[in-house]
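Chain by chain, the residues run as shown.
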Amino acid sequence: MIAHRFSFELLDVYQKCRALVSDVYKLQHCFPKEECYALGDQVRRAATSITANLAEGSGRQSLKEKIHFVEISYGSLMEVFCELQTATDLGYITEAQLDELRSQFTDIAKMLSGLRTSLVKNLKPLNCQ
């Protein structure tokens, strides 16, 4: 028997984000112990924010709210990439390790932008006769 699935679980972008979160968690294990509660914690929280905001937005009734949560997901995606660049600059991970994830970030960014555009098209213009 197939269990009920929530609408966000059916989004391709959500599935790709889940995979990225998993990859980010694995990569974060390369950080030194002293970064466990600093940069490591921040990158984990930002990564999980990507999927969490897609899920939360899907539960909103208003299209404007749905769009807002997609935008927050996009912002969290950019934050994670920036934090991984910082980790590279500090020598915690290699440039090659970051580059292995770059295509995932690019694909997800495009997908989130497309989802936002799709939702915006469904907004009814105000004051149209």
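Predicted, not measured: the structure shown is a model, and the values here were computed from it. (Residues numbered from 1 in each chain as written. Predicted model: local features only at pLDDT ≥ 70, side-chain atom pairs only at ≥ 80, totals over all residues. Heavy atoms only, no water.)

J.: Please clarify how the overall build of the protein chain should be interpreted in this entry.
T.: A tally of regular secondary structure across the protein chain gives four helices and zero strands. Beginning at the N terminus, the succession of helices and strands in the protein chain can be written as α-α-α-α. The long-range fraction of contacts in the protein chain, counting pairs at least 24 apart against all pairs at least 6 apart in sequence, stands at 71%. Accessible area of the protein chain: about 8,000 Å², with a carbon and sulfur share of 55%. (Helix = DSSP H or I, 4+ residues; strand = E, 2+ residues; numbered from the N terminus. Contact = heavy atoms within 4.5 Å. Areas by Shrake-Rupley, 256 points an atom, 1.4 Å probe, with all protein chains shown as cover.)

J.: Would you take a moment to explain helix 3 (residues 63-89) for this structure?
T.: Residues spaced three or four apart along an α-helix point in a common direction, a consequence of the helix completing one turn every 3.6 residues. Under the 1.5 Å per step criterion, the end-to-end length of helix 3 is 39 Å for 27 residues, consistent within 8% with the ideal 39 Å. Where helix 3 begins, one side-chain oxygen reaches toward the backbone nitrogen of Lys-64, 3.2 Å away; that side chain belongs to Ser-62. (Expected span 1.5 Å × (residues − 1). Polar contact = N/O pair within 3.5 Å; in protein donor to acceptor, adjacent residues only side chain to side chain.)

J.: Explain the pattern of salt bridges here, please?
T.: Two side chains bearing opposite charge may form a pair once their charged atoms approach each other closely. In total, this model carries six salt bridges according to the counting rule given. One salt bridge connects Arg-44 with Asp-41, and the closest N-O pair in it is separated by 3.5 Å. With Arg-44 and Asp-41 both in helix 2 (residues 39-58), this residue pair falls three residues apart, about one helical turn. The class for Arg-44 is buried, based on a relative accessible area of 15%. (Salt bridge = Lys/Arg side-chain N within 4 Å of Asp/Glu carboxyl O. Buried < 20%, exposed > 50% of the residue type's maximum accessible area, 1.4 Å probe, protein only.)

J.: Is there a simple way to think about the nonpolar core in this case?
T.: Soluble, globular proteins show a tendency: their nonpolar side chains are buried together. Counting 32 residues, the largest nonpolar core has Val-24, Phe-31, Leu-54, Leu-77, Val-80, Leu-84 and Phe-105 as its most contacted members. Breaking this core down by element, the ones donating at least two residues are helix 1 (12-28), helix 2, helix 3 and helix 4 (95-121). The element contributing the most residues to this core is helix 4, with eight residues. Each residue touching Phe-105, except ones within four places of it in the same chain, is listed here: Leu-20, Leu-77, Val-80, Phe-81 and Leu-84. (Core = buried A, V, L, I, M, F, W, Y, C linked by side-chain atoms within 4.5 Å.)

J.: Explanation requested: helix 2 in the structure shown.
T.: Over its 20 residues, helix 2 runs 29 Å from end to end, which matches the ideal 28 Å to within 8%, given 1.5 Å per residue. Of all bends in helix 2, the biggest is about 30 degrees, found at Ile-50. Those residues of helix 2 that fall on the buried side of the exposure criterion are Leu-39, Gly-40, Val-43, Arg-44, Ala-46, Ala-47, Ser-49, Ile-50, Thr-51, Asn-53, Leu-54 and Gly-57. Tucked inside the fold, the buried residues of helix 2 contact helix 1, helix 3 and helix 4. (Bend = angle between axes of the 7 residues up to and from the residue.)

J.: Would you explain the packing of aromatic side chains in this entry?
T.: Here a ring pair, both rings aromatic, is described through the centre-centre distance and the interplanar angle of the planes. Counting across every chain of the model gives four aromatic pairs. Ring geometry for Phe-31 versus Tyr-92: centroids 5.7 Å apart, planes at 45 degrees, classification tilted. Placement of Phe-31 in the loop between helix 1 and helix 2 and of Tyr-92 in the loop between helix 3 and helix 4 is noted, with a sequence separation of 61 residues between them. Given the relative accessible area of 7%, Phe-31 is considered buried. By relative accessible area, Tyr-92 is classed as buried at 19%. Ring-pair connections join several aromatic residues into one group, and the members of that group are Phe-6, Phe-8 and Tyr-14. (Phe/Tyr/Trp six-rings, centres within 6.5 Å; stacked < 30°, edge-to-face > 60°.)

Scope: geometric values only; no functional claims are made or implied.
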